[in-house]
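Listed here are the chains, written in short residue letters.
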Amino acid sequence: ADNKKLVSFAFCQVLGSDVPRAEGARVSGLTLAGERWYSRAGRLRARNNITARMNKAASPSLEHRVTAAQVVCKRLRTIKDPDAYFDTAQHEFSVALRTMSLDLLDSLDRRLNALGEKVARLEATTRKVVISRDARAGAQEIAANFAAQQERAEKSLLSLWLQGYVRRLPRLTANANDHEEDVDLLLDAVDFAFCRCALNVAISSSSVSQEKLMSSRVVSILISMVDGANKAMQQTKNKSNDQSISNSATLDAAALVTGPCLMALAHLARRGDLVCSQIADANGILVVINCMRIVQHPTVLAQACRTLSTLSLLPQNRQQIANRKGINILVRLLAASQLSPIPGDHFLSAEFNGMQVNESIQEAALAAFTNLTNSSEPNRQLVAELGGIEHIVSCILFARHGGPVRNAAQAIANVAYGSHFSVARCIMARADVAICSAIGATDFLDEDRLLEAAYRALANMALDEAAQTGLASGDAMTWCVRGLQKCGYVHVLRAAAHATAAIAYKSRANKAQFAQLGALAACVRVVSEFGCGSLAHTRHYLSAVHATSLAACTLLSFSPNHLVFEDCYGIEMYTTLCETTEHLEILNVGAMVLASVAPTASGRWEAQAEGRTLHFEKTAGLRALVRCEKWVFSNSSSPHWLHQAISALQMSPIQLDEVQAAHQSSSGKLSAHDLELFPQEYLFEEVLALTTLDHIVTNSPDLRNLAFRLY
């Protein structure tokens, strides 16, 4: 108790308060001792220590605490009773100590938190440094692996070619007691060097300039290598006609050299017209065709067809290939297929007896047909005369994979393009039936390129009235409408719309049948889904909407279809399209559709006489036509169909009476709705087949390079 009083006495002295005494009372020894102990120097020392501790534990509320201490000091000065004074001082001293302890703890927590934040920042910085170091190390490792893979690309490609071209030979046994031994492949160092040289050219052709390729005379070297291999294979065939093991090994070794050389020529031909022309000038076309006559290896033969297809991308090479009997060889290759049941195949394919023409050869040969008949009417006539159309149709019917069927449809499209004779042969060969069966067996959501080729072939075959009648007698119209109803691919919609317009062009019966099948509703569906919306969305489907509008325009040139078009809200849809589109070509063709369905002056006069209001006049069709005239033909005179439609809609009742009187005096003229507003040539199109150069390079460096880039 005495110690507590002593501490309270010291606290009171610190606060600057005097200890109360009773008047006349005798000071106890404890009080005197405390006063003697708590001298002035002691009070200063204690006050300094407490102040230092309070400053050390100071917080932002230090001024508030000083004010509170002053309040406590004033309250203590008002207390007269010594016991109450000491009790109050002791209580306040305990409160002050607890407050200081809490302040010290808070300060310690703040310092620990600050230290923790510094440690966290240090850990984050360290983690970033480690991650950056690991990323650099990983990138360096990937770069090293990539460089190593590029360095090993030649050896990998060489190994794959060895596995692909050298067949597994049987084993020889001298007698029953000897062990079986593998037969030597007869691949000497010269053949190996030629093979590796051709593979190096194929690999590096994409990274060397066209001028360097031409000045290095590598084309002549490759052609001479193929020519030498052809002579070696021909000599081996002439010496012995039996299928001995030695002859097979010799032919395999020659094929091992020929295949890479043909692949390198195909790669070089894709670099540009100059290199392709240089190959033709170096007698490369004849060498490739001779190789196709001699070689029996299916992989080499397919590569030769790819090379011939690539060379035919140059227009001046197509007639030269035909003169060198290249088209004859391709027809015989298709005739030698075991899937072709056409009579006379054995006679045509005598030089390919004993060899199975697989679908890889068919696909490459059909791609060559496609390129050879592009923009070449003599080649189209030659293919038709040699019976190539029948064999192409056979490939469509009996091929098991989509590649040959797609290329066959492309070949039919090019053969039928603008050639009445070839179109007649296609109809006789029932090419439309084969194409429709291929479309029916195709997934509309997957095989888009096959569908595009098939619809393109149907469009090109609808060249004249007889062909249109033949197509209408089958299922071509039904599949065209289904393509417009189900497909979402731009190129498929475009081809299907062109086929629809080509079959219905200037054919009233076909137009009525198309409307009955729902073609107009399908056209409106395409325009509503792909023609309206943001500029980026409509730009992607621009060609599909344009082609679909052409189909709707030719269907609406038959006036009985107007009611069907009104029932499916076609006028409202095309009015919205013409008022909102920012593409001038879409505005032009949309106005063409509206002009086809717009009422004539005679139609308006009849409706006025009967007291009817035409459906077209209730819409904003006139405003859409005026917008087309203002923006599309602002710098030129508007076409007759647009001017006539706008004039008829803007006529007053008096002008309508005058036009009707003039119309009755010349009743023999053809109605404007019976005319087509665009030429038929808009609906036909030729294609080029950019075939895959080979199946090995894509698996060797290209695919790995792409994978590394993606990673």
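All values derive from a computational prediction rather than experimental measurement.

### Observations concerning the overall build of the protein chain
Counting secondary structure elements, the protein chain contains 39 helices and two strands. A buried classification covers 45% of the 711 residues belonging to the protein chain. Counting only contacts in the protein chain whose residues sit at least 6 apart along the sequence, the fraction spanning at least 24 positions is 79%. In the form shown here, the protein chain has an accessible surface area of approximately 35800 Å², with 54% of it arising from carbon and sulfur atoms.

### Concerning the nonpolar core
Within the largest apolar cluster, 168 residues are counted, with the highest numbers of intra-cluster contacts made by L222, L330, F369, I412, Y455, L458 and F565. Once residues within four sequence positions are removed from consideration, L222 is found in contact with A198, V201, C261, A264, L265 and L268. With six residues, the next largest nonpolar core counts L76, I79, F86 and A89 among its residues.

### What to know about the environment of I435
Turning to its location among the elements, I435 is positioned in helix α22 (residues 431–440). A C-alpha to C-alpha distance of 8.1 Å links I435 and L397, two positions 38 residues apart in sequence. If we skip the residues at most four places from it in the chain, I435 touches I396, I412, A454, A457, L458 and M461.

### Some remarks on the pattern of salt bridges
Tallied over the entire structure, the rule returns 14 salt bridges. Here E390 makes a salt bridge to R425, at a shortest N to O gap of 3.2 Å. Of this pair, E390 sits in helix α19 (residues 388–398) while R425 sits in helix α21 (residues 420–428), and the two are 35 residues apart along the sequence. Using a relative accessible area of 23% as the deciding quantity, one classes E390 as partly exposed. Look at the salt bridges and you will find they share partners, linking E377, R380 and E686 into a network.

### A closer look at the packing of aromatic side chains
Given two aromatic rings, one states the distance between the centres and the angle between the planes to describe the pair. Across all of its chains, the model carries six aromatic pairs by this definition. Aromatic pair F444 and W479: ring centres 6.2 Å apart, planes at 20°, arrangement stacked. With F444 in the loop between α22 and α23 (448–461) and W479 in helix α25 (residues 476–486), this pair connects stretches of sequence that are 35 residues apart. Residue F444 shares its accessibility class with W479, and that shared class is buried. Seen in terms of ring centroids, F565 and Y574 are 6.0 Å apart; in terms of plane orientation they differ by 40°. Their pairing is tilted. An identical accessibility class is assigned to F565 and Y574; each is buried. An aromatic cluster is defined as three or more aromatic residues linked by ring pairs; in this entry it consists of Y505, F678 and Y682. Sitting over the face of the ring of W479, R482 holds its NZ or CZ atom 4.7 Å from the ring centroid. One Lys or Arg, K486, reaches over the ring of F444 and ends 5.7 Å from the middle of that ring.

### Some details on the confidence of the model for the protein chain
Averaged over all residues, the pLDDT of the protein chain is 81; the fraction at 70 or higher stands at 77%. Across residues 3–7, confidence stays below pLDDT 50; counting only partners more than four residues off in sequence or on other chains, it has five contacts.

### Observations regarding the packing of helix α26 (residues 490–504) against helix α27 (residues 508–517)
Direction vectors running N to C along α26 and α27 enclose 135°, while the axes themselves pass 8 Å from each other. In terms of orientation, α26 lies oblique with respect to α27. On α27, the residues touching T500, I503 and A504 of α26 are N510, K511 and F514. Residues of the contact of α26 with α27, tallied by class, amount to three nonpolar, two polar and one charged.

### A few points about the side chain of N407
Its place among the elements puts N407 in helix α20 (residues 402–416). On the basis of relative accessibility, which here comes to 4%, the residue N407 falls in the buried class. A polar atom in the side chain of N407 sits 2.9 Å from the backbone oxygen of E363. A polar contact is formed between the side chain of N407 and the side chain of R406, at a distance of 3.3 Å. Those residues in contact with N407, other than ones at most four positions away along the chain, are E363, L366, A367 and T370.

### Here we look at helix α9 (residues 218–239)
Here α9 contains 22 residues, and its C-alpha end-to-end distance of 32 Å stays within 8% of the 32 Å for a straight helix at 1.5 Å per residue. The complete set of buried residues in α9 reads V218, V219, L222, I223, M225, V226, A229, N230, M233 and T236. Considered in projection along α9, the buried side chains sweep an arc of 155° and stay on one side of the axis. Of the residues in α9, the exposed ones pointing more than 90 degrees away from the buried face are K231, N238 and K239.

### A word on the packing of α22 against α23
Two elements in contact, α22 and α23, have axes separated by 10 Å at closest approach and are oriented at 155°. By the angle between their axes, α22 is roughly antiparallel relative to α23. Read as a crossing pair, α22 and α23 show a hand that is left-handed. Taking contact as the criterion, the partners of A431, D432, I435 and I439 in α22 are, on α23, L451, A454, Y455, A457, L458 and M461.

### As for unusual backbone geometry
Although it is not a glycine, N283 adopts a positive phi angle of roughly 65°. On the accessibility criterion, N283 (33% relative accessible area) is partly exposed. Look at R430: it is not a glycine, yet its phi comes out positive at around 55°. On the basis of relative accessible area, R430 is assigned to the partly exposed category, the value being 48%.

### Things to note about a nonpolar patch on the surface
There is a patch of nonpolar side chains on the surface, built from L102, L105, L108, L112, L115 and V119 and spanning about 550 Å² of accessible area. Assessed through its relative accessible area of 48%, L105 is described here as partly exposed.

Basis of the calculations
- Residues numbered from 1 in each chain as written.
- Predicted model: local features only at pLDDT ≥ 70, side-chain atom pairs only at ≥ 80, totals over all residues.
- Heavy atoms only, no water.
- Helix = DSSP H or I, 4+ residues; strand = E, 2+ residues; numbered from the N terminus.
- Buried < 20%, exposed > 50% of the residue type's maximum accessible area, 1.4 Å probe, protein only.
- Contact = heavy atoms within 4.5 Å.
- Areas by Shrake-Rupley, 256 points an atom, 1.4 Å probe, with all protein chains shown as cover.
- Core = buried A, V, L, I, M, F, W, Y, C linked by side-chain atoms within 4.5 Å.
- Salt bridge = Lys/Arg side-chain N within 4 Å of Asp/Glu carboxyl O.
- Phe/Tyr/Trp six-rings, centres within 6.5 Å; stacked < 30°, edge-to-face > 60°.
- Lys NZ or Arg CZ within 6 Å of the ring centre and 35° of its normal.
- pLDDT = per-residue confidence, 0-100.
- Axes fitted to C-alpha atoms, helices over the stretch in contact; angles between N-to-C directions.
- Parallel < 35°, antiparallel > 145°, perpendicular 65-115°, else oblique.
- Nonpolar A, V, L, I, M, F, W, Y, C, P; charged D, E, K, R; others polar.
- Polar contact = N/O pair within 3.5 Å; in protein donor to acceptor, adjacent residues only side chain to side chain.
- Expected span 1.5 Å × (residues − 1).
- Arc of directions from axis to C-beta.
- Left-handed = near helix turned anticlockwise from the far one by under 90°.
- Patch = residues over 30% accessible without salt bridge, like charges linked within 9 Å, V, L, I, M, F, W, Y side chains within 5 Å.

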